[in-house]
Amino acid sequence: FDNEFSRQNVLKRLNEEEKKVFHNFVRRMRDLGVIKLNKEKGSGCYEFTREIYPLYFWMQEAKMSIK
């Protein structure tokens, strides 16, 4: 599981409705302390603050692809 991601890479995988709310989602995840900016990689790059968080998102994605 990758502990970091870029806004650009995530947007490629979202549908139009999801793209409209992605900014709010990222802001909320930052406010909750789930992700933080990766200053070394630059603007639009984030990293998870705990190793378990990307696992959770991966499991949710896998669950959605099964349906």
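Everything numeric here is computed off the predicted structure, so don't read it as measured data.

To continue, consider the side chain of Asn38. Position of Asn38 among the secondary structure elements: in the loop between strand 2 (35-37) and strand 3 (45-48). When neighbours within four sequence positions are excluded, Asn38 is seen to be in contact with Glu4, Cys45, Tyr46 and Glu47.

The full count for this structure, using the stated rule, is six aromatic pairs. Judged by centre distance (6.1 Å) and plane angle (85 degrees), the rings of Phe25 and Phe57 are edge-to-face. A residue pair is termed long-range when its members are at least 10 positions apart, and Phe25 in helix 2 (residues 16-32) and Phe57 in helix 3 (residues 52-66) qualify at 32 residues. Three or more aromatic residues link up through ring pairs in this structure, and these residues are Phe5, Phe22, Phe25, Tyr46, Phe48, Tyr56 and Phe57.

Quick look at the nonpolar core now. Val10, Phe22, Val26, Met29, Val34, Ile35, Tyr46 and Phe48 form the largest nonpolar core, which has eight residues in total. At the level of secondary structure, the elements contributing two or more residues to this core comprise helix 2 and strand 3. It is helix 2 that contributes the most residues to this core, three residues altogether.

Time to look at the side chain of Ser6. For Ser6, the location among the structural elements is in strand 1 (residues 4-6). Not counting residues up to four positions away in its chain, the partners in contact with Ser6 are Gly44 and Cys45.

So, on to the sheet that holds strand 3. The strand order across the open sheet built from three strands is 1-3-2, with neighbouring strands paired in antiparallel fashion. One side of each edge strand has no neighbouring strand; the edge strands of this open sheet are strand 1 and strand 2. Adjacent strand axes in the sheet meet at a mean angle of 30 degrees when their direction is disregarded. In this structure, strand 1 lies alongside strand 3, joined through three bridges in antiparallel fashion. For Ser6, the partnering residue across the bridge sits in strand 3 and is Cys45. With respect to the sheet, helix 2 is in contact with strand 2 and strand 3, its orientation differing from that of strand 2 by roughly 100 degrees.

About the cut-offs
- Residues numbered from 1 in each chain as written.
- Predicted model: local features only at pLDDT ≥ 70, side-chain atom pairs only at ≥ 80, totals over all residues.
- Heavy atoms only, no water.
- Helix = DSSP H or I, 4+ residues; strand = E, 2+ residues; numbered from the N terminus.
- Contact = heavy atoms within 4.5 Å.
- Phe/Tyr/Trp six-rings, centres within 6.5 Å; stacked < 30°, edge-to-face > 60°.
- Core = buried A, V, L, I, M, F, W, Y, C linked by side-chain atoms within 4.5 Å.
- Buried < 20%, exposed > 50% of the residue type's maximum accessible area, 1.4 Å probe, protein only.
- Pairing = 2+ DSSP bridges.
- Axes fitted to C-alpha atoms, helices over the stretch in contact; angles between N-to-C directions.

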